[in-house]
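Descriptive analysis of the structure
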Amino acid sequence: MTTERKFVEELIEQEDDFDRWYVEVVRKAELADDSPVRGTKVIRPYGFALWEHMQAELDRRIKETGVQNAYFPLFIPKSMIEREAAHIAGFAPEVAWVTRGGDKELEEPWAVRPTSEAIICPMFARWVQSYRDLPILINQWCSVVRWEERPRAFLRTLEFLWQEGHTVHATLEEAEQRARLMLEVYRDFVETELALPVIPGQKTESEKFAGALRTYTIEAMMGGKHWALQSATSHNLGDHFGRVFDIQFLDAEGKRRYAFNTSWGLSHRTVGAMVMVHGDDRGLKLPPRIAPIQVVIVPIWRSDDERVKVEEAVDRVRGLLRDVVRVHADLREDKTPGWKFNDWDLKGVPLRLEIGPRDVAQEQVTLVRRDVLGKRQAIPISGLVQAVTEILDDVQHSLFTAAKRMLDTHTEDVSDYERLKERVAINAGFSRASWCGSAECETRVKAETRATIRCIPFEQPEQVGPCLVCGEAGRFQVIWARAY
RNA sequence: CGGGGUGUGGCGCAGUUGGUAGCGCGCGGCGUUUGGGACGCUGAGGUCGGAGGUUCGAGUCCUCUCACCCCGACCA
């Protein structure tokens, strides 16, 4: 352990202080940096590249369901955002306002969007006349602003990047299907691409989106303290917004009806989730499928003669891999190989190929996996492309499997309230328990333990026992946990 | 908004009873190095968060102020 520590002396160990480890790894791996503005972060090229790869994959999946991208204004007039009472009540504490333009006071303040229902729905009202205009399926990639009190890089910043989808439908059933469909898109994306196992389910009344009929969520478990992180949400808004924004249409029978909406979003907090779930004392471990660099080549030489041969081999190997994976050759001359190894470990590159005189002589490269450090394997150049492809795939699965193991290990069925308190107090993870459905029991647990119901999982047991808190008949099995 | 803390080269820090700012890392140059964070020589870089005050003299003392961080309440 002493030697281990030496390699990463600049990074605090997870066990010592997980939250500080997170702050440090985000900064040192060059994902993000502090900005001069409180509560905001600068996303650096490496972090942004990661987000771009995530965007590309999620965007593709969203479009496959028939959704089109569009863009709506950043500002929302006060009167507009205040139309849906529950909606504004929920967001009011965290809305930023524009009250001046140049040197003129605005007649009516503008909200900087905390989410865009209030500016998109009025447009839907203009576009929808007939049932033939429905459904409308729209998504936008943008940033929104929520005036949070305690920011944390990626997880909670005043301004954050996300996509928000907004749809209009003729029937409640169709809206419900869409809300569930998009949650499934998120689940598949997060599990397949980010290697983060999640628990899909429904939010309780008190935890649902402001103005929604129902909110669905996927909840992931972070490393370290095993707290929950809401990784994406999808809302069936019912006809609440249709009514207040007057989205009406004539149905096939010529009857005037209010339309039904959904909205759903996934933000760059999932970047933080990947950091916290997969990372270790050496830094990030990025899932190959969205890693900006999947394979890094580190050349090693002593003499000028060796250097020529090694560089030739590096070129050849890079040429072989270039069309297959995202490969980068680290040709920096002012850094030693050892320094580079640590640097790329910190940045979480899934595979490293070392090419030195010994490798050149034997027509091979030395391969090291980020997820199983310390094990070097020689790969003949002739079989390199296939080997790299297969191993990347294996790394992706291994990351998911390890994360799933953590989730399962730190989830326990609890039937005794004292046991729940104990588990929350020691950061033991998720607790599965029966709940009667009353807000009183929910509030009480939150007040006494700080844990909240993360979701009512879709997967329910045949029989639900008595409520963990009040002992009355249980209606659902729910997941209790502390959350970021 | 409550509680705690910190502001000194890019980063991390030191700076005794007030005496005119120092260390490590990093950075530039040269040379030797390179299979898990190399080394030598050399060089550049700060007026101590801001304002006011006390004093012959303030990074050190006093007053005010600003910013940031951490812990709570809140949160995609």
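From a predicted model like this one, the values you see are computed outputs, not experimental measurements.

**Focus: unusual backbone geometry**
In this structure, Pro-135 follows Leu-134 across a cis peptide bond, with omega equal to -5 degrees. Here Pro-135 lies in the loop between α6 (117-127) and β7 (136-145). Positive phi is not limited to glycine here, since Arg-450 has a value of about 75 degrees. In this fold, Arg-450 is placed in the loop between α15 (439-449) and β22 (452-457).

**Considerations on the domain arrangement of chain A**
Entries for chain A in the domain assignment read domain 1 (2-278), domain 2 (295-391) and domain 3 (411-481). Relative to domain 2, the C-alpha centre of domain 1 lies at a distance of 39 Å. The interface is formed by 8 residues belonging to domain 1 together with 5 residues belonging to domain 2. Across the domain 1/domain 2 interface, buried area totals approximately 570 Å², and carbon plus sulfur atoms make up 60% of it. Run the count over domain 1 and domain 2 and you get 1 salt bridge.

**What about empty space enclosed by the protein?**
Summed over the entire model, instances satisfying the criterion amount to 3 cavities of 30 Å³ or more. Space inside the largest cavity adds up to approximately 60 Å³. Along its surface, the largest cavity is lined by Lys-225, His-226, Trp-227, Arg-423, Val-424, Asn-427, Ala-428, Gly-429 and Arg-482. When its residues are assigned to classes, the lining of the largest cavity shows 3 nonpolar, 3 polar and 3 charged. Counting only domains with at least three residues in the lining of the largest cavity, you end up with domain 1 (2-278) and domain 3 (411-481).

Scoring rules and cut-offs
- The written sequence of each chain sets the order in which its residues are numbered from 1.
- The lettering of chains begins at A and the numbering of ligands begins at 1, in the order of writing.
- pLDDT decides what is reported in this predicted model: residues at 70 or higher carry local features, side-chain atom pairs at 80 or more are listed and counted, and totals for whole chains, interfaces and linings draw on all residues regardless.
- The side-chain quantities take in all heavy atoms of the structure and omit both hydrogens and water.
- Only runs of H or I of at least four residues qualify as helices and only runs of E of at least two qualify as strands under DSSP, and these elements are numbered from the N terminus.
- Either an automatic procedure or a domain database provided the assignment from which the domain bounds are taken.
- Only heavy atoms enter the contact rule, under which two residues are in contact if any of them lie within 4.5 Å.
- Buried area, as used here, totals the accessible surface that two parts lose on assembly, with accessibility defined by a 1.4 Å probe and the loss added over both.
- Salt-bridge detection follows one rule: a side-chain nitrogen of Lys or Arg within 4 Å of a carboxyl oxygen of Asp or Glu.
- As defined here, a cavity is a set of points on a 1 Å grid over the protein atoms alone where a 1.4 Å probe fits but cannot get out. A pocket is an open set with protein on both sides within 12 Å along at least five of seven lines, and residues line them when an atom is within 4 Å of a point.
- Grid points are joined across faces, edges and corners, and a volume is the space filled by probe spheres set on the points.
- The nonpolar class holds Ala, Val, Leu, Ile, Met, Phe, Trp, Tyr, Cys and Pro. Asp, Glu, Lys and Arg form the charged class, and all remaining residues, Gly among them, are polar.

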